[in-house]
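Coordinate analysis (summary)
Each chain, letter by letter, is given below.
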Amino acid sequence: VGGPEAITKFMKEHLPKKLAVWACIAHHGNALIDGTNARINILDIKLYCFLRKVRFAQAELNVKPSPQEVWVDAYMKRVEDVPEVKAYLNGDYLHRPLNNP
């Protein structure tokens, strides 16, 4: 059993719980980018890429983000505001397909 229906079900029933865990990590400790954009590491980049894919999938499947995801857009913006990331995104970066270099 798979396809869009299975993904939609996962995004509605399971993803919010998993993102709630990431919300705790993103808001506490030194593991992820802080509010000053002073530090960014590979975990930030990997989480950003995952969240970006989630947002694309939600839009394509017409799945509304859950209340547990209120932190996602602010987190993604913090990553996108890092000067090096901003330069990359504003350069020759292709926003789609998702597997660009």
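Residue numbers restart at each chain and count upward from 1, following the sequence in its written direction. Since the coordinates come from a predicted model, pLDDT governs what is reported: local features require at least 70, and pairs of side-chain atoms require 80 or more to be given and counted, while whole-chain, interface and lining totals use all residues. Calculated side-chain values reflect all of the structure's heavy atoms, with hydrogen atoms and water omitted.

**Some words on the overall build of the protein**
Strands here are runs of E lasting at least two residues and helices are runs of H or I lasting at least four, both read from the DSSP assignment and numbered beginning at the N terminus. If you tally the helices and strands in the protein, you get five helices and zero strands. Along the protein, from the amino end to the carboxyl end, the secondary structure elements read α-α-α-α-α. The buried label applies to any residue whose accessible area, calculated with a 1.4 Å probe on protein chains only, is under 20% of its type's maximum; exposed applies above 50%, and partly exposed to all values in between. In the protein, which comprises 101 residues, the share counted as buried stands at 31%. Using the Shrake-Rupley algorithm and a 1.4 Å probe, accessible areas are obtained, with residue cover drawn only from the displayed protein chains. For the protein, the accessible area works out to roughly 6,800 Å², and carbon and sulfur atoms hold 62% of it.

**Details of the environment of Lys-9**
Positionally, Lys-9 belongs in helix 1 (residues 3–13). On a C-alpha basis, the gap between Lys-9 and Val-63 in space is 9.4 Å, while along the polypeptide they are 54 residues apart.

**Here's the deal with the packing of aromatic side chains**
Stacked, edge-to-face and tilted are the three classes for Phe, Tyr and Trp ring pairs, Trp counted by its six-membered ring, which pair at centre distances within 6.5 Å; planes under 30 degrees apart are stacked, over 60 edge-to-face, the rest tilted. Following the criterion strictly, the structure yields one aromatic pair and no others. Ring geometry for Trp-71 against Tyr-75: centres 5.9 Å apart, planes inclined by 65°, an arrangement best described as edge-to-face. Note that Trp-71 and Tyr-75 are positioned in helix 4 (residues 70–80) at a spacing of four residues, about one turn of the helix. Residue Trp-71 shares its accessibility class with Tyr-75, and that shared class is buried.

**Quick word on the side chain of Arg-55**
By the element assignment, Arg-55 lies in helix 3 (residues 42–61). Arg-55 gets classed as buried once you look at its relative accessible area, which sits at 17%. By definition in these notes, contact holds between two residues if any of their heavy atoms fall within 4.5 Å. Ignoring any residue separated from it by four or fewer positions in sequence, one finds Arg-55 in contact with Pro-65, Glu-69, Val-72, Asp-73 and Met-76.

**Comments concerning the nonpolar core**
As used in this record, nonpolar core signifies buried Ala, Val, Leu, Ile, Met, Phe, Trp, Tyr and Cys residues forming a set joined through side-chain atoms within 4.5 Å. Ranked by size, the top nonpolar core spans 19 residues in total, and within it Leu-51, Trp-71 and Tyr-75 carry the most contacts. Elements supplying a minimum of two residues to this core: helix 2 (15–27), helix 3, helix 4 and helix 5 (83–89). The element that contributes the greatest number of residues to this core is helix 4, accounting for five residues.

**So, the packing of helix 1 against helix 3**
The interhelical angle for the contact between helix 1 and helix 3, taken along N-to-C directions, is 120°, at an axis separation of 11 Å. Here helix 1 is positioned oblique relative to helix 3, judged by the angle of their axes. For the pair helix 1 and helix 3, the sense of crossing is left-handed. Mapping the contact onto sequence places Pro-4, Ile-7, Thr-8 and Met-11 in helix 1 and Val-54, Ala-57, Gln-58 and Leu-61 in helix 3. In this description, a line fitted to the C-alpha atoms serves as the axis of each element, helices being fitted only across the stretch in contact, and the angle between N-to-C directions of two axes falls anywhere from 0 to 180 degrees. Should an angle fall under 35 degrees it is called roughly parallel, over 145 degrees roughly antiparallel, and 65 to 115 degrees roughly perpendicular, with every other angle called oblique. Handedness of a helix crossing follows the sense of rotation of the near helix relative to the far helix, less than a right angle counterclockwise being left-handed and clockwise being right-handed.

**A short note on a nonpolar patch on the surface**
Put simply, a patch holds well-exposed residues, over 30% relative accessible area, that have no salt bridge, with like charges counted together within 9 Å and Val, Leu, Ile, Met, Phe, Trp or Tyr side chains within 5 Å. Between Lys or Arg on one side and Asp or Glu on the other, a salt bridge is scored when a side-chain nitrogen of the former is within 4 Å of a carboxyl oxygen of the latter. A grouping of Ile-40, Ile-42, Leu-43 and Ile-45 is seen on the molecular surface, where their side chains present a nonpolar patch of about 310 Å² in accessible area. Relative to the elements of secondary structure, Ile-45 occurs in helix 3. Ile-45 gets classed as partly exposed once you look at its relative accessible area, which sits at 31%.

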